[in-house]
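# Topology and contacts: notes
These are the residues of each chain, in order.
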Amino acid sequence: MQDSSLSDRERLVLEAVIQSYVRTAEPAGSRTIAKNFALGVSAATIRNTMSDLEDRGYLYHPHTSAGRIPTDLAYRVYVDRLMAPSLLTQRLQETLTRELSESTEIESLLDKAAKVLGVLTQELGIALAPSFEEAVLERLELVPVSAERILMVLVLQNAAARTLFIEVASGLPAEAVDKVALVLNERLSGSTLREIRATLHERLRDILPHDGGQELLNIFVEESDHIFHGPGDDEHAIVLGSAQMLADQPEFKSNEKMRDLLELTERREVLMQALKARHHDGLTVTIGAEHIDPKLSSLTLVTSTYQRDGLTGVIGVMGPTRMPYEKIISIVEHTSRLIGDLRQ
């Protein structure tokens, strides 16, 4: 939140320094600010104001330059109070709608959205598939499709159905499959997938079906973590665009910085935790050292939750703290609304 003791001049100078640095990636000096921004004061006055802002933690002074660079605190003030909302052009809105309308299944839609966001923002597009943890099972259907395969359909309340093939021993009678489906519906319907995974063994332990049904029930018990989960509940939940979008930015010119970025994209536990914490937050902007995990301390995550088929996921971008926040926030928010509005 903005420091209420900032004067009007300090806010104007801070905004100008941020905009200059975001645009050029070069530390901003007082002469540059005076020349490129109509602040109505001299370069000397701007220099003194920048010095005051540095003393208070909004700017810092790299030893290689006379200019100054915004701190994480400066970006936070800018995002919360200084920046003007950016309206998307009609052409950009049409581009997003056209690109995302080509996909219907949530997995392909998120993959497309992450890539499009990367291209439009020049950051790394990132998404988290909806979590099925709290989805309530309405009914379960088992359909034999061959001697050794059964199609399972989980019909979820206010959410998309989930399908999965289950491998069984050959010769399982159809009557046994029907009886198992009946038992499972009696014991599981009305519970969330999280509850089912945690209590399935207890719910089924007194069942002794005949005609080969025990084998099928054992499969459900032994593989419950796999059967009763959704695309937002495992390591495959994270969807990324191309890291190449960040490779050309000055912050990633060094081999070390690029290696750190690639490690984040290949070992996704850190990103998974960061995005899962955002399921009920709407728009979220986390800047640099605000991240809990230090591996993200040089990066900003701009994300927005979306609602799809009654479930919640996350879409957004990741990049260096030096980014055009007003533009990126508008694009991310519009994309999240589109994902929820586009129908299958």
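This text follows the structure it describes.
Residues numbered from 1 in each chain as written. Predicted model: local features only at pLDDT ≥ 70, side-chain atom pairs only at ≥ 80, totals over all residues. Heavy atoms only, no water.

## Points about the pairing of strand β6 (residues 162-167)
For clarity, the cut-off: The classification of residues rests on relative accessible area computed with a 1.4 Å probe and restricted to protein chains. Under 20% of the type maximum is buried, over 50% is exposed, and intermediate values are partly exposed. We count a stretch as a helix when DSSP gives it H or I for four or more residues in a row; a strand needs E for two or more, and each element gets its number in order from the N terminus. Here, any two strands with at least 2 DSSP bridges between them count as paired.
The side-chain alternation of β6 yields one buried face, formed by R162, L164 and I166, and one unburied face, formed by T163, F165 and E167. By the bridge criterion, six bridges tie strand β5 (residues 149-156) to β6 in an arrangement that is antiparallel. Residue pairing in the sheet places R149 in a bridge with E167 of β6.

## Digging into helix α8 (residues 193-204)
Stated precisely, the cut-off is as follows: Helix span, expected: 1.5 Å multiplied by one less than the number of residues in the helix. Residues count as neighbours in contact if any of their non-hydrogen atoms are within 4.5 Å of one another.
If you check α8, its first and last C-alpha atoms are 15 Å apart, about what 12 residues at 1.5 Å a residue would give, namely 16 Å. On the buried face of α8, the contacting elements are β4 (137-146), β5, α7 (174-188), α9 (213-222) and α10 (224-227).

## So, unusual backbone geometry
As a rule of thumb, non-glycine residues mostly have phi less than zero, and peptide bonds are mostly trans rather than cis. Non-glycine residue A25 carries a positive phi angle of around 60°. Turning to its location among the elements, A25 is positioned in the loop between α1 (8-24) and α2 (30-36). Its relative accessible area of 19% is what places A25 among the buried residues. The backbone of Q122 shows a phi angle near 60°, a positive value even though the residue is not glycine. Along the chain, Q122 falls in the loop between α6 (106-121) and β3 (124-128).

## As for the packing of helix α5 (residues 90-101) against helix α14 (residues 325-341)
Helix-helix packing: each pair is described by the crossing angle between the helix axes and the interaxial distance. Defined as follows: Axis geometry follows a simple rule: fit a line to the C-alpha atoms, using only the stretch in contact for helices, then measure angles between N-to-C directions, giving values from 0 to 180 degrees. Orientation labels follow simple angle bins: below 35 degrees gives roughly parallel, above 145 gives roughly antiparallel, 65 to 115 gives roughly perpendicular, and whatever is left gives oblique. In this scheme, a crossing is called left-handed if the near helix is turned counterclockwise away from the far one by less than a right angle; it is called right-handed if the turn is clockwise. Residues are grouped as follows: Ala, Val, Leu, Ile, Met, Phe, Trp, Tyr, Cys and Pro are nonpolar; Asp, Glu, Lys and Arg are charged; every other residue, Gly included, is polar.
Interaxial distance between α5 and α14 falls to 11 Å at its minimum, and their mutual angle equals 40°. Considering the angle they form, α5 stands oblique to α14. Between α5 and α14 the crossing geometry is right-handed. In contact with L92, Q93, L96, T97 and L100 of α5, α14 contributes I331, H334, T335, L338 and I339. Across the contact of α5 with α14, the residue classes tally to six nonpolar, four polar and no charged.

## Considering the packing of α8 against α9
Two numbers describe how α8 lies on α9: the axes approach to 9 Å, and their chain directions differ by 150°. The angle between α8 and α9 falls in the class roughly antiparallel. Along its contact with α8, which presents L200, H201 and L204, the element α9 presents L217, F220 and V221.

## Topic: the sheet that holds β3
Pairing in this open sheet of five strands is antiparallel, and the strands run β7-β3-β10-β9-β8 from one edge to the other. The open sheet has two edge strands with one neighbour each: β7 (238-240) and β8 (283-287). Each adjacent strand pair in this sheet contributes to an overall mean axis angle of 20°, direction not counted.

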